[in-house]
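The residues making up each chain are set out below.
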Amino acid sequence: MPVISSVTPLGTEGQRTAGDFLRAVEAGQAGPADFVAIPVAAGGGVGADAALDARLAVPAAEFAAVSRMSGKPGQIAQAAVRAGDSTIRVLFVGVGDRSGAALRRAGGELGRTLQPGERGVASVVAGEPPGQVQAFAEGIMLGSYRFSEKSAPPPGRAAGEGQAEVRLTGTRTWEAEAAIARATRIAAATGLARDLTNTPSLRKSPQWLADQAAQAAAAASEGAGAGAGLGVRIWDETELAASGFGGITAVGSGSARPPRLIELTYSPAGAHRHVVLVGKGITFDSGGLSLKPNDAMKSMKTDMAGGAAVIAAMTALASLGVPDKVTGLVAAAENLPSGSACRPGDILTMFGGRTVEVLNTDAEGRLVLADAIAYAGARLEPDLIVDLATLTGAARIALGGSRAALYSTSDDLAAALLAAGEDSGDRLWRMPLTAEYRQSLDSPVADLSNVPRTSPGAGSITAALFLREFAGPRPWAHLDIAAAARSGSDDGEISAGGTGFGARLLLRWLSPVA
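The notes below deal with the structure included here. (Residues numbered from 1 in each chain as written. Predicted model: local features only at pLDDT ≥ 70, side-chain atom pairs only at ≥ 80, totals over all residues. Heavy atoms only, no water.)

1. So, the overall build of the chain
So, point 1. For the chain, the count of helices and strands is 16 helices and 19 strands.
So, point 2. Here the C-alpha atoms of the chain give a radius of gyration of 24 Å, agreeing with the 24 Å that 2.2 N^0.38 yields for 514 residues.
So, point 3. Taken along its principal axes, the extent of the C-alpha atoms in the chain is 80 × 50 × 45 Å.
So, point 4. Among the 514 residues that make up the chain, the fraction classed as buried is 57%. (Helix = DSSP H or I, 4+ residues; strand = E, 2+ residues; numbered from the N terminus. Rg over C-alpha atoms; globule rule 2.2 N^0.38 Å. Buried < 20%, exposed > 50% of the residue type's maximum accessible area, 1.4 Å probe, protein only.)

Below, the structure is given as structure tokens:
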């Protein structure tokens, strides 16, 4: 989870700038501090702050100039000042054009420099609208995220789970307080998605994921109003087989750790729309009998990132006041080879009765998703369905790691998701559901095959076309997050490993004020 969970308005009259804060520290009117953060706008501009200039060796504007600060979002240069008995780091942080994306990146890089237990003040968003306050605060918390199972902390880093405190000058209004509260909820949900995704598969069985979902649901339900808590149902392997979930059952058949279907339900009073979110929850993907190369398996503990995003988003619905009824489905299985594993050439009967010829057991995600989507349509009566999955390497080839692929049968739903992606930082790009590629999924022995017999060279599109077969007539969207859900390095508010992609997007879409 983020090590910075305390981002608050400064709340003290007369401390509107970093210099004012330092003066208060020196006079004993503010608690001890470890840092102050100063905004550097696009072009390298630094706001006037005489109290700060008096403590620096050269005025802040000159320091930014000699440090070659361009104001690029996330760019950081450091100095030090004395305030009473304290030596305090001064962090000059590029904020660019102060857009939401720029401030999230700036906050992310600032958060990454801080250590548990540190306290300080940031004037980056002083006097700015609540949306900018939220973006910056969200970035700070997300950038501070760390996941490690090392037996000792790296040199120079504190042990334990202490929290850093960041106070924002010029943000005492109730709108700013509400914006920071929203940022905290969204960052906590994203941190949960990252934690679930980054946990090694040694522990992360389908049952473990179900247990984590149940625990998170219980925590989210504490103090929630009537009907605003999360209902939980966990389908075990016996129930899944008896109810006709042929895809989930087959994919999980090769593992000693059986599959699960996780069903979370949020039903606020007065809801007029029912949304179903479906997440792929493959807790490890070896490829099954269609075995992946070793290098391709190394990141496969993250193959349940779509399911993690769904679980995480569900935990924040009540706290953000989402008005819709929302059901979250996570199809969880471990795809391993064994004597009981699904084989190429097997024909599966999916939920609802359609048959699928398995041509490649490494195309397992679409099988578990198809079951969950078909179940949602047949039993839950949703108004629309959105699924998220680390589904294809083809999506990375098409879009790289900065955006996820969006497919939808509804222009209105696609437009809403695209807008939420831009606003939240989980960006999407709409891709076509090319009708002429559908015939590549035809099978001579089943209703369809799970991969094309003769590939048209559009792996992400044909995977989406397969899922569309199970979505029915209601509006449906599929997010192929295979690239965006994982990062090889820290970058702004994104941390290396699981990124939590999708949690922010879903919450922004379901709660436009989030």
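2. What to know about the nonpolar core
So, point 1. Ranked by size, the top nonpolar core spans 57 residues in total, and within it L209, L277, M314, V326, V386 and W509 carry the most contacts.
So, point 2. For this core, the element with the most residues is helix α11 (residues 305-316), which contributes nine residues.
So, point 3. Apart from the residues within four sequence positions on either side, L277 is in contact with V310, M314, V326, T327, G328, L329, V386, L506, W509 and L510.
So, point 4. Within the second largest apolar cluster, 50 residues are counted, among which are W235, V251, A389 and L433. (Core = buried A, V, L, I, M, F, W, Y, C linked by side-chain atoms within 4.5 Å. Contact = heavy atoms within 4.5 Å.)

3. Considerations on the sheet that holds strand β17 (residues 476-480)
So, point 1. Pairing is mixed across the open sheet formed by eight strands, whose spatial order is β7-β8-β10-β9-β13-β17-β14-β15. In this open sheet, the two edge strands, each paired with only one partner strand, are β7 (230-235) and β15 (428-430). Taking each pair of neighbouring strands and ignoring which way they run, the sheet shows an average axis angle of 20 degrees.
So, point 2. One ladder, built from five bridges, connects strand β9 (residues 274-285) with strand β13 (residues 384-389); its direction is parallel. Bridge assignment links L277 to a residue of β13, and that residue is V386.
So, point 3. Strands in contact with helix α7 (residues 206-221) are β7, β8 (260-266), β9 and β10 (325-335); relative to β8, the strand with the most contacts, it is inclined by about 10 degrees.
So, point 4. Against the sheet, helix α12 (residues 365-380) touches β7, β8, β9, β10, β13 and β17, its axis set at about 155 degrees to β9. (Pairing = 2+ DSSP bridges. Axes fitted to C-alpha atoms, helices over the stretch in contact; angles between N-to-C directions.)

4. Concerning the pattern of salt bridges
So, point 1. Scanning the entire structure with this criterion turns up 29 salt bridges.
So, point 2. Of the charged contacts, one joins R104 and E493 as a salt bridge, the two residues approaching to 3.7 Å between their closest N and O atoms. Placement of R104 in helix α4 (residues 100-113) and of E493 in the loop between β18 (486-487) and β19 (497-498) is noted, with a sequence separation of 389 residues between them.
So, point 3. Taking the relative accessible area as the measure of exposure, R104 reaches 5% and is therefore buried.
So, point 4. For E469, the salt bridge is made with R354, and the minimal N-O distance between the two is 3.0 Å. Residue E469 is found in helix α15 (residues 459-471), and its partner R354 is found in the loop between β11 (347-349) and β12 (355-357); the two are separated by 115 residues along the sequence.
So, point 5. Judged by its relative accessible area of 23%, E469 falls in the partly exposed class.
So, point 6. Ionic contacts of the salt-bridge type, sharing partners, join the residues R104, E138, D426, E493 and R504 into one network. (Salt bridge = Lys/Arg side-chain N within 4 Å of Asp/Glu carboxyl O.)

Keep in mind these numbers describe shape, not what the thing actually does.
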